[in-house]
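What follows is the residue order along each chain.
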Amino acid sequence: MQSFVDEEVSVNITVFLGAPGSGKGTQAKILSSDGKYIHLSTGDILRNAIKTQTPLGKEAKVFMDKGELVPDATVISLIEDTLKTLSPDAQIILDGFPRTVPQAEALDAKGTTKVKSAIFFDIPNSALIERLTGRRVCRNCGQPYHVKHMPPKKAGVCDVCSGEVYQRSDDTEEVVVRRLEVFGSQNQGLLDYYSRLNKLWNLSADRSPQEIQKSLIEVLK
Ligand code: AMP
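Quick summary incoming for the structure in this document. (Residues numbered from 1 in each chain as written. Predicted model: local features only at pLDDT ≥ 70, side-chain atom pairs only at ≥ 80, totals over all residues.)

## Quick look at the site of the ligand
How we decide: Residue proximity rests on one test: whether the C-beta atom, placed from the backbone, lies within 6 Å of the molecule or strand. Comment: elements are numbered from the N terminus, with helices defined as DSSP H or I runs of at least four residues and strands as E runs of at least two. For this scheme, ten residues count as nonpolar: Ala, Val, Leu, Ile, Met, Phe, Trp, Tyr, Cys and Pro. Four count as charged, namely Asp, Glu, Lys and Arg, and the remainder, Gly too, count as polar.
Around the ligand, 17 residues are found, and the nearest of them are Thr 42, Gly 43, Leu 69, Val 70 and Gly 96. Elements with a contribution of two residues or more to the shell around the ligand: helix 2 (42-51) and helix 3 (55-64). No other element matches the 3 residues that helix 2 contributes to the shell around the ligand. Its residues assigned to classes, the shell around the ligand shows 8 nonpolar, 5 polar and 4 charged.

## Digging into the sheet that holds strand 7 (residues 165-166)
The strands making up a sheet associate through backbone hydrogen bonding, with each pair oriented either parallel or antiparallel. Condition: We call two strands paired when DSSP finds no fewer than two bridges between them.
Spatially, the 3 strands line up as an open sheet ordered 6-5-7, and their pairing is antiparallel. The sheet is open, and its two borders are formed by strand 6 (144-146) and strand 7, each paired with just one other strand. As defined by bridge partners, strand 5 (residues 135-138) adjoins strand 7 across 2 bridges and the pair is classed as antiparallel. Across the sheet, the residue bridging to Cys 138 is Val 165, located in strand 7.

## Let's talk about unusual backbone geometry
Omega for the bond connecting Phe 97 with Pro 98 falls within 30 degrees of zero, at 0 degrees, which places this linkage in the cis form. By the secondary structure assignment, Pro 98 is in the loop between strand 3 (91-95) and helix 5 (101-108). In this structure, Gln 53 takes a positive phi of about 55 degrees despite not being glycine. Among the secondary structure elements, Gln 53 is positioned in the loop between helix 2 and helix 3.

## What about the environment of Val 182?
Our working rule: Residues are called buried when their C-beta atom has 20 or more other C-beta atoms within 10 Å, exposed when it has 12 or fewer, and partly exposed otherwise; all C-beta atoms are positioned from the backbone. Throughout, a residue-residue contact means that the two C-beta atoms, derived from backbone geometry, are no farther apart than 7 Å.
Within the secondary structure layout, Val 182 lies in helix 7 (residues 173-196). Overall, Val 182 belongs to the partly exposed group, with 19 C-beta atoms counted inside 10 Å. Sequence-distant contacts of Val 182, that is, excluding residues within four places in its chain, are made with Gly 67, Glu 68 and Leu 69.

## Remarks on the pairing of strand 4 (residues 114-122)
Across 7 bridges, the pairing between strand 1 (residues 12-18) and strand 4 is parallel. Bridge pairing in strand 4 links Gly 18 to Phe 121. As judged from the 5 bridges shared by strand 4 and strand 8 (residues 200-204), these two strands associate in the parallel manner. Note that in strand 8 the partner of Phe 120 across the bridge is Asn 202.

## Some details on the nonpolar core
Rules: To count as a nonpolar core, a set of buried Ala, Val, Leu, Ile, Met, Phe, Trp, Tyr and Cys residues must be joined through C-beta atoms within 7 Å.
Membership of the largest hydrophobic core comes to 37 residues, with the highest contact counts inside it found for Phe 16, Leu 17, Ile 93, Leu 94, Ile 119, Phe 121 and Leu 203. At 6 residues, the largest contribution of residues to this core is made by helix 7. The residues touching Phe 16, leaving out its near neighbours within four places in the chain, are Lys 24, Ala 28, Ile 93, Leu 94, Asp 95, Ile 119 and Phe 121. Counting residues in each nonpolar core, the second largest holds 5 residues, with Val 137, Tyr 145, Cys 158 and Val 165 among its members.

## Concerning the sheet that holds strand 8
The cut-off we apply is this: What counts as an axis is a line fitted to C-alpha atoms, over the stretch in contact for a helix, and the angles between N-to-C directions run from 0 to 180 degrees.
Taken in spatial order, the 5 strands line up as 2-3-1-4-8 in an open sheet, and their pairing is parallel. The open sheet has two edge strands with one neighbour each: strand 2 (38-41) and strand 8. Sheet twist, expressed as the mean angle between neighbouring strand axes with direction ignored, is 25 degrees.

## As for the packing of helix 1 (residues 24-32) against helix 8 (residues 209-220)
As a reminder, the rule being used: It is the rotation of the near helix from the far one that decides the hand of a crossing: anticlockwise by less than a right angle makes it left-handed, clockwise makes it right-handed.
Between helix 1 and helix 8, the shortest axis-to-axis distance is 11 Å and the interhelical angle comes to 65 degrees. Viewed along their axes, helix 1 and helix 8 form a crossing whose handedness is right-handed. Judged by residue contacts, Thr 26, Gln 27 and Ile 30 of helix 1 engage Pro 209, Ile 212, Gln 213 and Leu 216 from helix 8. Class assignment of the residues belonging to the contact of helix 1 with helix 8 gives a composition of 4 nonpolar, 3 polar and no charged.

## Quick word on helix 5
Applicable threshold: Taken from the helix axis, the directions to the C-beta atoms give the arc we talk about.
Along helix 5, the residues classified as buried are Gln 103, Ala 104, Ala 106 and Leu 107. All buried residues of helix 5 project into a common sector of 160 degrees when viewed along the axis, lining one side. Packing partners of the buried residues in helix 5 comprise helix 4 (72-84), strand 4 and helix 7.

Laid out in structure tokens, this is it:
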């Protein structure tokens, strides 16, 4: 089993679990906007590595383009390296990690990191295809949009930073279907893992971002 070996690392972590498109990233962005929380998204880190063509990016792209998971060993050491750079009293929201039980175990190994709670963004699959295929994102700041429900004021231009608003290459219907299958195959194991530890919260995520944010703040208190 992989483990987080650096005994110095001691950070407070809230894990966001849920299908792609369930709103984890949107909520993590809102919560981290005032600096109280640090939002770490493995998907964002990997996309950045692809953009800058690092060896990690080259390895990850092969899996991401097909909607498959990047191997555990790769993402575990990625998160391990990132956590080491953070202040010990940082409050972290992990979005998109862990995605498998071995990743969850690695995060808990050695007791060097502290997962306070795991919040499951619960939403029926039927709502997700439309959400994901209509999703657009700012290439520069990551601000999410939706072609129908939340378009930018000016087509293709981010309201926040004027960056380019684009469609992720893995938000096409074919890849979305595979990502949802992959999520379905791993999710129950993760829910069982955190439920056994008494850390699991269920959050109904088929609601407006404002309503979800209110419930989240209650859970995080
Ligand atoms: P996301 O932005 O969280 O939807 O992630 C996009 C893609 O990045 C996923 O479909 C995976 O290919 C990859 N990825 C992100 N996080 C992980 C992870 N924890 N484990 C394995 N692959 C991941």
